[in-house]
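Working through the structure, step by step
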Amino acid sequence: MSWWPVLALCGAAYALKVLGLAIGERLDRETSERWSLEIVVVPVLAALIVVQTFSSGHRFVLDARTPALLVAAVLVWRKAPFVVVAFAAAATAALLRLVA
Amino acid sequence: MASNDPILRNALSIGLATAVYAVSFGVLSVAAGFSIAQTCVMSVACFTGASQLTFVSVVGAGGGVAGALAPALLLAGRNALYALSLKGILSGTAPKRALRAQVVVDETTAMAHAQPTLAARRRAFDLTALCLFTAWNIGTLVGAIAGRGLGDPRDYGLDAVFPAVFLALLVPQLRGPDATRAAVAGALIALALLPITPAGVPIIASALAAVPLLLASSRRRARVRMGQAPEAGR
């Protein structure tokens, strides 16, 4: 396998990160202290959660990850420690797959 | 030590789950025809998990290198949005900022923004980056050399850990109904685009849900500025 695609991916991945940082430094002067650019992360993380939970390729799927996320949601709501949330989600999905 | 330091403890648990995925990446990458050195360079220099996994999977499935780059870069595109949001948290001298830019990914961003103070945000970003970078690269090396994984991460339910962890990190960021609406709108945009756009696009496009809030706040600020102008002139 040649090196160029590896290096192209690495260079482009880093360039994207630096580009975002540079744009952020420009734009943040334009926004208020109440909603600065950090608010962008809120919808993006919400999207990441649903894509990681409900997708398989391009398909919408309901599988063991769905109840795992529900369990996690209840624990987050009950203010359970982070590690407990992570472990409970893994255990739920793993057990459901074992039984299935 | 870690027991009374929640940021360190959380960073370590994210690192642990990531390590298993890193082993899978190492195995997949070598199986797809990349050398051990190429596999490790990817993990150090690309350092963006979903993108690397997609890249080697497409190559491994015979999709060709050019065909693999496009989806990998679409998946890496969200790191630009994260970097955009981390201004002020990615502090330090230019070399330090350049180094921190490299570790802007899902986990570091989510951990940083979930903290209440600027100092805690910077610490959470750095500690998560340290744990994640170490775990991702050691895991990659182990997988690439062993050529054989610890089994499918899904058998341990690890694919369910990441959405659960991101939910736990998102909730503290829902400060007020506007933020909650933006989160719901972002999730709906992603679900709507999932079946019809290339991977990566649904997540990037969800950022549009924040635009109304940003516009409203810049209008508010413009009003404040106009209101203050006469006083400043006096």
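Cut-off values and rules
- Residues numbered from 1 in each chain as written.
- Chains lettered and ligands numbered in written order.
- Predicted model: local features only at pLDDT ≥ 70, side-chain atom pairs only at ≥ 80, totals over all residues.
- Buried ≥ 20, exposed ≤ 12 C-beta atoms within 10 Å, placed from the backbone.
- Helix = DSSP H or I, 4+ residues; strand = E, 2+ residues; numbered from the N terminus.
- Arc of directions from axis to C-beta.
- Contact = placed C-beta atoms within 7 Å.
- Nonpolar A, V, L, I, M, F, W, Y, C, P; charged D, E, K, R; others polar.
- Domains from an automatic or database assignment.
- Axes fitted to C-alpha atoms, helices over the stretch in contact; angles between N-to-C directions.
- Parallel < 35°, antiparallel > 145°, perpendicular 65-115°, else oblique.
- Left-handed = near helix turned anticlockwise from the far one by under 90°.
- Expected span 1.5 Å × (residues − 1).
- Core = buried A, V, L, I, M, F, W, Y, C linked by C-beta atoms within 7 Å.

Quick word on helix α2 (residues 36-45) of chain B
Looking only at α2 of chain B, the buried set comprises Thr39, Met42 and Ser43 of chain B. Projected onto a plane normal to the axis of α2 of chain B, the buried residues spread over an arc of 95° and lie on a single side. Of the surrounding elements, those touching the buried residues of α2 of chain B are α1 (4-27) of chain A together with α1 (6-31), α3 (49-60) and α8 (118-146) of chain B. At the exit of α2 of chain B stands phenylalanine 47 of chain B, carrying a positive phi of roughly 45°.

Overview of the interface of chain B and chain A
Each side of the interface is counted separately: chain B has 78 residues, and chain A has 65 residues. The biggest single contributor to the side of chain B that touches chain A is helix α9 (residues 158-170) of chain B, with twelve residues. Class assignment for the residues of the side of chain B that touches chain A results in 51 nonpolar, 19 polar and eight charged.

Observations regarding the domain arrangement of chain B
Residue and element names in this part refer to chain B. Taken domain by domain, chain B consists of domain 1 (2-173) and domain 2 (175-234). Put simply, the middle of domain 1 and the middle of domain 2, counted by C-alpha atoms, are 26 Å apart. Listed per partner, the contact involves nine residues of domain 1 and ten residues of domain 2. Here the side of domain 1 that touches domain 2 gets three residues from one element, more than from any other, and that element is helix α4 (residues 65-76).

Re the packing of α1 of chain B against α9 of chain B
All names here are of chain B. Packing of α1 against α9 brings their axes to within 10 Å, and their N-to-C directions diverge by 140°. The orientation of α1 with respect to α9, classified from their angle, is oblique. Seen from above, α1 lies across α9 with left-handed handedness. Between α1 and α9, the residues in contact are Ile14, Ala17, Val20 and Tyr21 and Leu158, Val161 and Val165, respectively. Taken together, the residues of the contact of α1 with α9 break down into seven nonpolar, no polar and no charged.

Re the packing of α1 of chain B against α8 of chain B
Residues and elements named next belong to chain B. At their nearest, the axes of α1 and α8 sit 6 Å apart, and the two run at 30° to each other. When the interaxial angle is binned, α1 and α8 end up roughly parallel. Crossing angle aside, the handedness with which α1 passes α8 is right-handed. Residues that form the contact of α1 with α8 fall into these classes: 24 nonpolar, ten polar and one charged.

A short note on the domain arrangement of chain A
We note that the domain assignment places domain 1 (1-30) and domain 2 (35-99) within chain A. Placing the centre of domain 1 of chain A and that of domain 2 of chain A at their C-alpha centroids yields a distance of 28 Å.

A look at α1 of chain A
The end-to-end C-alpha distance of α1 of chain A is 34 Å, a good match for the 34 Å that 24 residues give at a rise of 1.5 Å each. Restricting attention to buried positions, one finds in α1 of chain A the residues Pro5, Val6, Leu9, Cys10, Ala13, Tyr14, Leu16, Lys17, Gly20, Leu21 and Gly24 of chain A. Among the structural elements, α2, α3, α4, α5 (78-85) and α6 (94-102) of chain B are those in contact with the buried residues of α1 of chain A.

Examining the nonpolar core
For soluble globular proteins, the rule of thumb is that nonpolar side chains tend to be buried together. Grouped together as the largest cluster of nonpolar side chains are 110 residues, with contacts concentrated most on Ala72, Val85 and Ala89 of chain A together with Ala164 of chain B. Among the elements that line this core, the one with the most residues is α1 of chain B, at 13 residues. Once you skip the residues sitting within four places of it in the chain, alanine 164 of chain B turns out to touch Ala68, Leu69, Ala72, Val85, Ala86 and Ala89 of chain A.

A closer look at the environment of leucine 45 of chain A
Its place among the elements puts leucine 45 of chain A in helix α2 (residues 41-54). The class of leucine 45 of chain A is buried, set by 27 C-beta atoms lying within 10 Å. Not counting the four nearest positions on each side in its chain, leucine 45 of chain A is found in contact with Ala110, Phe166 and Leu170 of chain B.

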